[in-house]
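Each chain, written out:
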Amino acid sequence: MLNNRLSDAQKTFFEQNGYLIGLPPVFTPEEVRQMNAGLDELMKLLRPGEDSKEIREWHESSRFLYDICMNETILDYVEDLLGPFYFWASNFFIKEPHSKSTVGWHQDAYYWPLEPHESLTVWIAMDDVDEENAAMQVIPGSHKVGLLKHARSQATDSVLTLECEKGQFREDSAVSLILKAGQISIHDDNVVHGSPANRSNRRRAGLTARYSSTKVKCDLSINPHFKTYLCRGVDAYRHNPIGAVPKQMYGRLERKHISVEEAGDDAERKLGLK
Ligand SMILES: O=C(O)CCC(=O)C(=O)O
């Protein structure tokens, strides 16, 4: 168990920079193969016109996804950064070869009706990821300056519509999170991040799992579907609804998760973001 713990240097790096890479692979090549086979099974559940972006929070209906996000090694790392915490969201970010799709610069905390900002994301690489095939990029230290101004994106290639307004940070300080399949990166909910188009003939697929300190409360008037799964420690706060562990291996979730982006301008106003 001790092997899965973060060193003091890694914790300090995360605290100062808002992200962490360089951890040993969490998943073996065989497990990565199984993960990709499981993704194929989930894709079979999509309806005509839907794509992998629709597979959101399906850990509530697919034991396959739930088990990946509840991987003990991942939970050990997250516990070192958050203390008692729960798991609440998952989705895939898949860029096919030569996909023009980008992810504009943003802070996750802007998207989520969660307080306080004590959440993080584990990005699980399902392919080898480098700059050619659109590795995610982060702006080191940008998690320390609070929420930046976001505006609706005009860039049609971005999969997100709320992006940081220009001039609030130096884009040339961006660091690419280069990973081998089976490795993870971790990023803070306040760190500015995004990803460019895929310039290669290789796919770039990642699965994100989102975790929050038990101190974190969701505004259910904005996201009424919010469900939590306690991972480590005791939930002394009991702020949020608890999810049921899925029984079936692969299953659709019929409703959509709601972020501030989807809830619209009223949600931004309600949270004091504009
Ligand atoms: O995978 C990407 O390109 C972006 C992922 C992202 O924005 C996130 O994990 O919050």
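Note that the coordinates shown come from a computational prediction; the quantities given were computed from them, not determined experimentally.

Calculation criteria
Residues numbered from 1 in each chain as written. Predicted model: local features only at pLDDT ≥ 70, side-chain atom pairs only at ≥ 80, totals over all residues. Helix = DSSP H or I, 4+ residues; strand = E, 2+ residues; numbered from the N terminus. Rg over C-alpha atoms; globule rule 2.2 N^0.38 Å. Buried ≥ 20, exposed ≤ 12 C-beta atoms within 10 Å, placed from the backbone. Contact = placed C-beta atoms within 7 Å. Near = placed C-beta within 6 Å. Nonpolar A, V, L, I, M, F, W, Y, C, P; charged D, E, K, R; others polar. Pairing = 2+ DSSP bridges. Axes fitted to C-alpha atoms, helices over the stretch in contact; angles between N-to-C directions. Core = buried A, V, L, I, M, F, W, Y, C linked by C-beta atoms within 7 Å. Expected span 1.5 Å × (residues − 1). Arc of directions from axis to C-beta.

## Description of the overall build of the protein chain
The helix and strand tally for the protein chain stands at seven helices and 14 strands. Relative to a compact globule of 274 residues, whose C-alpha radius of gyration would be 19 Å, the protein chain shows 17 Å and is just as compact. On the principal axes, the C-alpha backbone points of the protein chain span a range of 50 × 45 × 45 Å. Counting across all 274 residues of the protein chain, residues that qualify as buried make up 39%. Taking the intrachain contacts of the protein chain between residues at least 6 apart in sequence as the baseline, contacts between residues at least 24 apart amount to 83%.

## Digging into the site of the ligand
Every residue close to the ligand is listed here: F93, V103, D108, T121, W123, M136, H193, S195, G206 and T208. Contributing elements (two or more residues each) for the shell around the ligand: β5 (119-125), β11 (192-195) and β12 (204-213). In terms of residue class, the shell around the ligand is built from four nonpolar, five polar and one charged.

## Points about the sheet that holds strand β6 (residues 137-138)
Here four strands make up an open sheet; going across it, the order is β3-β11-β6-β9 and the pairing antiparallel. Each end of this open sheet is capped by a strand with a single partner; those strands are β3 (103-107) and β9 (175-176).

## As for the pairing of β5
Sheet faces and side chains relate simply in a regular strand, where the side chains alternate between the two faces. Within β5, seven of the seven residues are buried, leaving the element largely enclosed by the surrounding structure. Alternating positions in β5 separate into two faces, S119, T121, W123 and A125 on one and L120, V122 and I124 on the other, with burial throughout. One ladder, built from seven bridges, connects β5 with β12; its direction is antiparallel. The residue of β12 that forms the bridge with W123 is T208.

## Brief notes about the sheet that holds β5
One open sheet accounts for six strands, arranged β1-β10-β5-β12-β2-β14; its pairing is antiparallel. The open sheet terminates on both sides in strands that have one partner only, identified here as β1 (19-20) and β14 (229-232). Lying over the sheet, helix α4 (residues 72-82) contacts β2 (85-95), β5, β10 (184-188), β12 and β14, oriented at roughly 155 degrees with respect to β5.

## What about the nonpolar core?
Grouped together as the largest cluster of nonpolar side chains are 63 residues, with contacts concentrated most on Y19, V78, V122, I124, I184, I186 and Y211. Not counting the four nearest positions on each side in its chain, V78 is found in contact with F85, L120, V122, Y211 and C231.

## Here's the deal with unusual backbone geometry
For the peptide bond that leads from E115 to P116, omega is -10 degrees, which places it in the cis range. Position of P116 relative to the elements: it lies in the loop between β4 (114-115) and β5. For A134, which is not glycine, the phi dihedral falls at a positive 75 degrees. Mapped onto the elements, A134 comes out in the loop between β5 and β6. One non-glycine residue, R238, lies in the positive phi region at around 50 degrees. Looking at the secondary structure, you find R238 in the loop between β14 and α6 (260-263). When the 11 C-beta atoms within 10 Å are taken as the criterion, R238 is described as exposed.

## A closer look at the pairing of β3
Most of β3 is tucked away, with five of its five residues classed as buried. Pairing geometry for β3 and β11, over three bridges, is antiparallel. Across the sheet, residue H106 finds its bridge partner in β11, namely H193.

## Concerning helix α2 (residues 29-43)
The terminal C-alpha atoms of α2, which comprises 15 residues, lie 21 Å apart, in line with the 21 Å expected from a rise of 1.5 Å per residue. Buried within α2 we find V32, M35, G38, L39 and L42. Angularly, the buried residues of α2 cover 115 degrees about the axis, an arc narrow enough to put them on a single face. Turned more than 90 degrees away from the buried face of α2, the exposed residues are P29, E30, A37, D40 and E41.

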